[in-house]
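This is what each chain is made of:
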Amino acid sequence: MIDCPVCESQKFESLFALKGSDVVRCSDCDTVYVPSPLPEVTNLYQSQYFSSKEGGQGYIDYAGEFQAHAKVFHRRFEKIEALKGGTGLVLEVGCALGHAGAVAQKRGWDVVVTDISEFAVQKATTDFNLKGFVSPTGKVPVRANTFDVITAFDVIEHLSHPKEFLRSLHGALRGHGLLHISTPDVGSLSARIMGRHWYHLKPDEHLVYFNRSSLKTLLENCGFEILKMESSRKTLTLRGVLQRLRRYAKAAVDVSLKIFEVVGLADKEVSFLSGEVEVIARKLLPATTPTEARPTRCGSEGILDVVVCANCEGPLKQVSEAEIDCQSCDSTFEFDEGVVNLSRYAKRSLRKAVGRLS
Ligand SMILES: [Zn+2]
Ligand SMILES: [Zn+2]
């Protein structure tokens, strides 16, 4: 049982039960959340999450929506660049198949991507030649004061402890670095009209539903100042829109989709308010903080320049083709085709005694 993830109040009213989970609203700040989340299933985010024929959880054909996604991400990075005055080193958290990272790289950013899904990071780094690492859930083990910008699109609603997560992003930002997040807005028109049928309500995946005011409170409590907060506009093909509506009326959607394919309209792009809110916030620093001089790109070591040990935050060193060792504790991480996996580790001392852990 967790307290309100924003204000820690223990007072709430039950809204409804959905897919075996209770959904409640905090009586003090109106954040909607799942107080007893089912055990976090990282397996959910393996390959079938991004391409499932039935479209139950996740996406039906995420990769096929690249062009439409790219429009959304170009708009977001345009806004970031306008506020920052150019490009720099960006960390894309919750990178999925790397579409946002690819867009940023194309616009001239030095990009590092991360996700809790090994499948997603491998695909993102291979398809788009990005640098990446696999994160443990809710944690981003990177060097402090490193990134100019961190983006986390549709991530915080998946976490039971968004405060810890945002504080760690705050530490990873350099100087007055910028954070761009997007998340469902439970105060949006679509949420208010659709109630328990709102398409963002998925208590087995989305554990917290912010409104604008609770999101602002949360960010300010984590050391950020809000620069911009606005409704999110998404672009999708008609095929993508229909696939998302399939959970409401499967047969009708399948028929419409066939018709659209036949008359050649399925690839037509439409733009609409998605019931999500986008925020760009700036890291606040005490006035006396000295600004640390750091390289603005990932250097010769690539990904090893920015990641740290997931257990102790110590420096990491590559010791063989497939292994990265922590220099401060006993942990060893897997290195696979340029991707460090920080979600699993082995103890070197144990391995020596009992043989290789897998
Ligand atoms: Zn609250
Ligand atoms: Zn360590």
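In what follows, the accompanying structure is described. The residue numbers shown here count from 1 along each chain, following its written sequence. The naming scheme follows written order: chains are lettered A onward, ligands numbered 1 onward. Side-chain atom pairs in this predicted model are given and counted only at pLDDT of 80 or more, local residue features only at pLDDT of at least 70, and totals for whole chains, interfaces and linings cover all residues. Only hydrogens and water are set aside; all other atoms, that is, all heavy atoms of the structure, feed into the side-chain values.

1. Side note on the overall build of the chain
To qualify as a helix, a DSSP run of H or I must reach at least 4 residues; to qualify as a strand, a run of E must reach at least 2; elements of each kind are numbered from the N terminus. Each helix and strand in the chain was counted, giving 10 helices and 15 strands. Note on classification: 1.4 Å probe, protein chains only; a residue is buried when its accessible area is under 20% of the maximum for its type, exposed when over 50%, partly exposed between these limits. For the chain, with 358 residues in total, the buried portion stands at 48%. Throughout, a contact is declared for two residues whenever any of their heavy atoms are within 4.5 Å. Contacts in the chain between residues at least 24 apart in sequence constitute 65% of all its contacts with a sequence separation of at least 6. We get accessible surface area from the Shrake-Rupley algorithm with a probe of 1.4 Å; when it comes to residues, only the shown protein chains can shield them. Surface accessibility of the chain: about 16700 Å² in total, with carbon and sulfur atoms responsible for 52%.

2. Description of the pairing of strand S8 (residues 173-184)
Burial analysis of S8 places 10 of its 12 residues in the buried class, which makes it a mostly covered element. Pairing between strand S7 (residues 147-153) and S8: six bridges, direction parallel. When the bridges of S8 are listed, Phe147 appears paired with Leu173. The β-α-β motif built from S7, the intervening helix H5 (residues 162-172) and the parallel element S8 has right-handed crossover chirality. Note: two strands are recorded as paired if DSSP finds a minimum of 2 bridges between them. A clockwise path from the first strand over the helix to the second, with the strands pointing away from the viewer, defines a right-handed crossover.

3. Here we look at the coordination of the zinc ion (ligand 2)
A donor here means an N, O or S atom no more than 2.8 Å from the metal, or no more than 3.2 Å when the metal is Na, K or Ca. Since water is not included, a site may seem to lack partners. Ligation of the zinc ion (ligand 2) by protein atoms is provided by Cys309 (SG), Cys312 (SG), Cys326 (SG) and Cys329 (SG), these donors lying 2.2 to 2.4 Å from the ion. Sites are called tetrahedral only when four donors show all angles between 85 and 135 degrees, square planar or octahedral only when four or six donors show opposite pairs over 155 degrees and all other angles between 65 and 115, and irregular in any remaining case. Relative to the metal, the four donor atoms surrounding the zinc ion (ligand 2) lie at angles of 99 to 115°, and the coordination shape comes out tetrahedral. Mapping the donors of the zinc ion (ligand 2) onto the primary sequence gives the spacing C-x2-C-x13-C-x2-C. A residue pair is termed long-range when its members are at least 10 positions apart, and Cys312 in the loop between strand S11 (269-283) and strand S12 (316-320) and Cys326 in strand S13 (residues 323-326) qualify at 14 residues. You can call Cys312 partly exposed: its relative accessible area is 35%. Residue classification places Cys326 among the buried positions, given a relative accessible area of 1%.

4. Describing the coordination of the zinc ion (ligand 1)
Bound to the zinc ion (ligand 1) on the protein side are Cys4 (SG), Cys7 (SG), Cys26 (SG) and Cys29 (SG), at distances that span 2.3 Å. Taken in sequence order, the residues that donate to the zinc ion (ligand 1) follow the motif C-x2-C-x18-C-x2-C. With Cys7 in the segment before strand S1 (12-18) and Cys29 in the loop between strand S2 (21-26) and strand S3 (32-33), this residue pair connects regions lying 22 residues apart in the sequence. Overall, Cys7 belongs to the partly exposed group, its relative accessible area being 32%. Given a relative accessible area of 17%, Cys29 falls into the buried group.

5. Thoughts on the nonpolar core
Here is a general trend for soluble globular proteins: nonpolar side chains tend to be buried in one another's company. Only buried Ala, Val, Leu, Ile, Met, Phe, Trp, Tyr and Cys residues count toward a nonpolar core, and they belong to the same one when joined by side-chain atoms within 4.5 Å. Counting 51 residues, the largest nonpolar core has Phe133 and Val340 as its most contacted members. Among the elements that take part in this core, H5 stands out by supplying four residues, more than any other. Phe77, Val113, Leu130 and Val149 belong to the second largest nonpolar core, which has 21 residues in total.

6. Some remarks on the packing of aromatic side chains
Centres within 6.5 Å are what make two rings of Phe, Tyr or Trp a pair, Trp counting through its six-membered ring; a difference in plane orientation under 30 degrees is then read as stacked, over 60 as edge-to-face, and the rest as tilted. Inspection of every chain in the model, using the stated rule, returns six aromatic pairs. Arranged with centres 6.5 Å apart and planes meeting at 80°, the rings of Phe77 and Phe153 form a pair that is edge-to-face. One end of the pair, Phe77, is in helix H2 (residues 66-84); the other, Phe153, is in strand S7, with 76 residues separating them in the sequence. Each member of the pair, Phe77 as well as Phe153, carries the same accessibility label: buried. Their ring planes at 55° and their centres at 6.3 Å tell us that Trp198 and Tyr209 sit as a pair that is tilted. Taken together, the positions of Trp198 in the loop between helix H6 (189-194) and strand S9 (208-209) and Tyr209 in strand S9 put the pair 11 residues apart, joining distant regions of the chain. For Tyr209, a relative accessible area of 0% gives the class buried. If you follow Arg76 out to its NZ or CZ, it ends over the ring of Phe153, 4.6 Å from the centre. Two conditions define a charge located above a ring, namely a distance within 6 Å from the ring centre to NZ of Lys or CZ of Arg, and an angle within 35 degrees of the ring normal.

7. Description of the side chain of Ser331
Its location among the elements puts Ser331 in strand S14 (residues 331-336). On the basis of relative accessibility, which here comes to 0%, the residue Ser331 falls in the buried class. Excluding residues that lie within four positions of it along the chain, Ser331 makes contacts with Cys309, Asn311, Ile324, Asp325, Cys326, Tyr345, Ala346 and Arg348.

The values reported here are purely geometric and, on their own, carry no functional implication.
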